[in-house]
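# A structural walkthrough
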Amino acid sequence: MGKRQSRPWIVSDELWSLIEPLLPEPPPKQVEGRPRVPDRQALCGILFVLHTGIQWEYLPQELGFGSGMTCWRRLAAWNEAGVWEKLHQLLLNKLRSKNQLDWSRAVIDSPPGFAGGTPTHVRAGTQGPKSGPCPVDRARPGSKHHVLTDGQGIPLAVSLTGGNRNDVTQLLPLLDKIPAVAGVVGRPRRRPDMLFADRGYDHDKYRRLLRQRGIRPVIAERGQPHGTGLGTFRWVVERTISWLHGFRRLRIRWERRDDIHEAFLGLAVCLITHRHVQRLC
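This section reports on the structure supplied with the text.

What counts and what doesn't
- Residues numbered from 1 in each chain as written.
- Predicted model: local features only at pLDDT ≥ 70, side-chain atom pairs only at ≥ 80, totals over all residues.
- Heavy atoms only, no water.
- Helix = DSSP H or I, 4+ residues; strand = E, 2+ residues; numbered from the N terminus.
- Buried < 20%, exposed > 50% of the residue type's maximum accessible area, 1.4 Å probe, protein only.
- Areas by Shrake-Rupley, 256 points an atom, 1.4 Å probe, with all protein chains shown as cover.
- Polar contact = N/O pair within 3.5 Å; in protein donor to acceptor, adjacent residues only side chain to side chain.
- Contact = heavy atoms within 4.5 Å.
- Phe/Tyr/Trp six-rings, centres within 6.5 Å; stacked < 30°, edge-to-face > 60°.
- Expected span 1.5 Å × (residues − 1).
- Axes fitted to C-alpha atoms, helices over the stretch in contact; angles between N-to-C directions.
- Parallel < 35°, antiparallel > 145°, perpendicular 65-115°, else oblique.
- Nonpolar A, V, L, I, M, F, W, Y, C, P; charged D, E, K, R; others polar.

Turning our attention to the overall build of the protein. Helix and strand content of the protein: eight helices and six strands. Per-residue burial over the protein gives 51% buried out of 281 residues. Element-wise, carbon and sulfur atoms account for 50% of the exposed surface of the protein, whose accessible area totals about 14000 Å².

The next thing to look at is unusual backbone geometry. Among all residues except glycine, the phi angle is most often negative; among peptide bonds, the trans geometry is most common. For N99, which is not glycine, the phi dihedral falls at a positive 55°. On the basis of relative accessibility, which here comes to 67%, the residue N99 falls in the exposed class.

All right, on to the side chain of K144 then. Within the secondary structure, K144 is located in strand β3 (residues 141-150). There is a polar contact of 2.9 Å between the side chain of K144 and the side chain of D167. Setting aside residues up to four positions removed in sequence, K144 forms contacts with S110, P111, S159, L160, T161, G162, G163, R165 and D167.

Here Q41 lies in helix α2 (residues 39-52). Sequence separation between Q41 and I10 is 31 residues; the distance between their C-alpha atoms is 8.8 Å. Q41 has contacts with G64 and F65, leaving out every residue within four places of it along the chain.

What follows covers the packing of aromatic side chains. Centre distance and the angle of the planes are the two values used to describe a pair of aromatic rings. Counted by the stated rule, this structure contains five aromatic pairs. Between W56 and F264, the aromatic rings sit 5.7 Å apart at their centres with planes inclined by 20°, giving stacked as the arrangement. Taken together, the residues span a long stretch of sequence, with W56 in the loop between α2 and α3 (68-80) and F264 in helix α8 (residues 258-280) at a distance of 208 residues. The structure contains a cluster of three or more aromatic residues connected by ring pairs, namely W9, F48 and F65.

Taking 1.5 Å per residue as the helical rise, helix α4 (residues 83-97) with its 15 residues ought to reach 21 Å, and the 21 Å between its terminal C-alpha atoms agrees with that figure. For α4, the complete set of buried residues consists of V83, W84, L87, H88, L91, L92, N93, L95 and R96. On its buried side, α4 packs onto α1 (13-19), α2, α3, β4 (155-162) and α8. Of the residues flanking the end of α4, it is N99, one or two places downstream, whose phi is positive at about 55°.

Looking now at the packing of α2 against α3. Interaxial distance between α2 and α3 falls to 9 Å at its minimum, and their mutual angle equals 100°. One way to sum up the angle between α2 and α3 is to call them roughly perpendicular. Contacts between α2 and α3 pair D39, A42, L43, G45 and I46 from the former with C71, R74, L75 and W78 from the latter. Counted by class, the contact of α2 with α3 contains six nonpolar, one polar and two charged residues.

A word on the side chain of D39. Position of D39 among the secondary structure elements: in helix α2. A polar contact is formed between the side chain of D39 and the side chain of R74, at a distance of 2.7 Å. Apart from the residues within four sequence positions on either side, D39 is in contact with W16, L23, R74 and W78.

What follows is the structure, given as structure tokens:
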């Protein structure tokens with residue numbers, strides 16, 4: 001993905017030019033007091049938490065981010081306003097305008113863990129509707145990230161569920177979450193030609209539903225020996241999941257509220273997609 005900056009929480013002018021127009025108007029100031037922390041500084045604080053995994057209350061004040069609570073509130077408000085969905089679609093439009101999205105196939109995966117085999121655990125006391133017994137360690141609650149990418153590993157859609165949710169249940173919801181990607185003359189596109197998946201998605205019902213959508217299913221079958229060659233295509237989504245879990249805040253879920261963890265997940269997807277834009281456009 002190219003050389004990474006030493007302080008990845010610093011928002012570049014180019015990235016800020018894309019994000020700033022999408023932010024909602026700040027609420028009117030009610031009383032006199034300390035000036036409002038600028039949005040760009042608050043975003044740097046949010047990125048610091050996302051990259052380092054630090055808890056909000058320990059956000060370094062000397063770096064000028066504002067308080068952890070200020071950054072938390074800003075993240076919640078921006079997520080509610082759909083900022084990350086809008087930014088993701090904007091970035092995908094840029095990629096399509098340069099013919100850099102591979103619609104010939106999409107790849108889906110939702111592993112129970114990530115690098116090192118450690119489950120995406122939920123800290124004790126933070127269980128929400130989108131957490132559940134972890135399939136790796138059922139004594140601990142966990143959340144699962146489901147990811148759908150294009151043929152190069154560019155994320156098209158992600159979702160969050162409890163750790164005990166069956167992978168195949170998210171196949172159609174993830175396809176439905178692919179935004180209508182414009183960028184070229186003609187109708188926006190949101191459907192790949194083929195979908196590659198592992199044995200966790202092996203179900204004739206879903207093969208039939210994919211064909212009804214005009215998508216050719218290429219799904220490994222249970223009970224069949226390995227060596228089908230699907231790994232040649234599926235590794236790209238595993239790499240993208242590894243990138244997602246490179247953001248330390250996504251490795252252990254500290255958030256009691258599902259929407260805050262989903263906000264971090266959506267922001268991470270935008271950052272990964274933005275790297276692709278920088279590389280390809």
